[in-house]
Amino acid sequence: MGLSNLKINLSKNVILVTLYVLVLFQFFKIFSLKYPYFIFLALLFLFTVVEIPKSLKFKRLIILMCLGICVSFVSSLYFRNQPVVETFKASIAFFSILFYFFLTNRKFSILTIEKTILILGILASCIYILQTLLLPLGIRIIPVSEITEFGSSRFRIAGSGVISLVFFLALNKVILGKSILIHRIGLFLTGGTIVLMGFRTLLAGLILFSILLFLRCGVTLKKSFKVVVISFAIAAVLLCIPQVNDRLFYMVQKQQLSDQTFVNADYARWREWDHFMHYHFKSNWEMLLGSGMPGGGTDYGKYDKNLQESWIFWVDWGLIGLSWMIGIFPVLCMIGYSLLAFVTKVPKSYLYAGVWFLFLVAISVTTMEFYRFGNFAVQALALYLVVQVNKSYQLKLRCKS
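Keep in mind that this is a model prediction, so the values were computed, not measured. (Residues numbered from 1 in each chain as written. Predicted model: local features only at pLDDT ≥ 70, side-chain atom pairs only at ≥ 80, totals over all residues. Heavy atoms only, no water.)

A short note on the packing of helix H2 (residues 34-51) against helix H5 (residues 99-106)
So, step 1. Their axes nearest at 8 Å, the elements H2 and H5 cross at an angle of 60°. Of the possible angle classes, the one that applies to H2 and H5 is oblique. Like other packed secondary-structure pairs, H2 and H5 cross with a definite hand, here left-handed. In contact with Leu44, Phe47, Thr48, Val50 and Glu51 of H2, H5 contributes Phe99, Phe101, Phe102, Thr104, Asn105 and Arg106.
So, step 2. Residues of the contact of H2 with H5, tallied by class, amount to six nonpolar, three polar and two charged. (Axes fitted to C-alpha atoms, helices over the stretch in contact; angles between N-to-C directions. Helix = DSSP H or I, 4+ residues; strand = E, 2+ residues; numbered from the N terminus. Parallel < 35°, antiparallel > 145°, perpendicular 65-115°, else oblique. Left-handed = near helix turned anticlockwise from the far one by under 90°. Contact = heavy atoms within 4.5 Å. Nonpolar A, V, L, I, M, F, W, Y, C, P; charged D, E, K, R; others polar.)

Pasting the structure below:
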């Protein structure tokens, strides 16, 4: 196994797309890139205008989603007296999905997108692992805000969705026997990072949808045995790492000793559900159109902050909670393009993209992983990849016929 199995050749296009996404991630929140971030988003609006007249897969769902979010600006003004500009600023990260139109306009290759995804996922994992090691020393390179009831810290990283995407990408290649060293490294790093995150829903979803990917690939018994052996080997190595072992122990503790389960009537999520279903909305129209994303300095923003201080968080209800803020219709559009990505015909080597979208929707019933800052840029990459791979797949079928 030579170095060629590890090396990723960096073309100008790979560097360009990677840097663009890093700005949309605000470099994983390591740096404050307020002005470049807004400039890059403004460019996405321009590319969207150029691409709208074209017949593009996912176009209608993405545009309808964005229009629905804009409707929530008006709803917030009417029901919450929050200025449109403040709601827009609080909602700006959603529009990273328009990166899809930039990619479409520039016609990047499938290989360019896959290399970009690999680079971003491995880089995000390395930064997350580094932060985990530095945190006990009091050194913070990315935002860390949550201290658990068991005394450890859990934190997220901007663009975290690319970590799970690389996990499924690498697993897909391993299952089909098409992996190279960089895929195995990616599988090890991203799998370890997801365990370090310490979220039960995320880990359970990863296992469940890994099985789904395995079944969809339809591999032979011999290859199945090989993948199982590799999986156990990776798991054994990960368990030897103290931080990973501690985090797994934390998740088991939380499940056994904590009252944070749905069977508990006093579970925080039931209290949050009760508040938003019975006390939050001023009319059924507001429930339909959304209250708007809370702006930091507005009265509505202060109301949201007061709720958080009372341990009532709309984000705890994932996509359902998001529908309370931006409206039901935009969330349905998000679920719609995710399901469409899953059912779109692609070769077995690219099944991971559709499975990842289904995984993202499933775990986002009770987490904000789907719409975490930066993850719409990751979705744009995955949607574009699905489209390009589908085009190539349909062309080969026509040539054969």
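Some points on the confidence of the model for the protein chain
So, step 1. With 83% of its residues at a pLDDT of 70 or more, the protein chain shows a mean pLDDT of 88.
So, step 2. Segment residues 147-151: pLDDT under 50, and 12 contacts once partners within four positions in sequence are set aside and those in other chains are kept. (pLDDT = per-residue confidence, 0-100.)

What about a nonpolar patch on the surface?
So, step 1. Together, Leu64, Leu67, Trp285, Leu288, Ile328, Phe329 and Leu332 make up an exposed nonpolar region whose accessible area comes to about 690 Å².
So, step 2. Listed by contribution, the elements that provide at least two residues to the nonpolar patch are helix H3 (59-80), helix H13 (284-289) and helix H16 (328-343).
So, step 3. Top contributing element to the nonpolar patch by residue count: H16, with three residues.
So, step 4. Summarising the element assignment, Leu288 is placed in helix H13. (Patch = residues over 30% accessible without salt bridge, like charges linked within 9 Å, V, L, I, M, F, W, Y side chains within 5 Å. Areas by Shrake-Rupley, 256 points an atom, 1.4 Å probe, with all protein chains shown as cover. Salt bridge = Lys/Arg side-chain N within 4 Å of Asp/Glu carboxyl O.)

Quick look at the pattern of salt bridges
So, step 1. Counted under the stated rule, the structure contains six salt bridges.
So, step 2. Glu286 is paired through a salt bridge with Arg80; the nearest N and O atoms lie 2.7 Å apart. On the criterion of sequence distance, the pair formed by Glu286 in helix H13 and Arg80 in helix H3 is long-range, its members being 206 residues apart. Arg80 shares its class with Glu286; the two are buried.
So, step 3. With a closest N to O distance of 3.6 Å, Lys89 and Glu86 form a salt bridge. Taken together, the residues span about one helical turn, with Lys89 and Glu86 both in helix H4 (residues 84-91) at a distance of three residues.
So, step 4. Taking relative accessible area as the criterion, Lys89 reaches 44% and is therefore assigned partly exposed. (Buried < 20%, exposed > 50% of the residue type's maximum accessible area, 1.4 Å probe, protein only.)

Observations regarding the side chain of Ser179
So, step 1. In this fold, Ser179 is placed in the loop between helix H7 (161-175) and helix H8 (181-197).
So, step 2. Here Ser179 falls in the buried class, since its relative accessible area comes to 15%.
So, step 3. In this structure, Ser179 is in contact with Lys173, Val174 and Arg184, ignoring residues within four places of it in sequence.

Concerning the packing of aromatic side chains
So, step 1. With the rule as written, the count across this model stands at 33 aromatic pairs.
So, step 2. Ring plane angle 85° and centroid distance 6.4 Å describe the contact between Phe58 and Tyr100, whose orientation is recorded as edge-to-face. You can see Phe58 sitting in the loop between H2 and H3 and its partner Tyr100 sitting in helix H5, a full 42 residues away along the chain.
So, step 3. With 6.3 Å between their ring centres and 85° between their planes, Tyr337 and Phe357 make a pair best called edge-to-face. Here Phe357 lies in helix H17 (residues 351-363) and Tyr337 lies in helix H16, a separation of 20 residues in the sequence. For the pair formed by Tyr337 and Phe357, the shared burial category is buried. (Phe/Tyr/Trp six-rings, centres within 6.5 Å; stacked < 30°, edge-to-face > 60°.)

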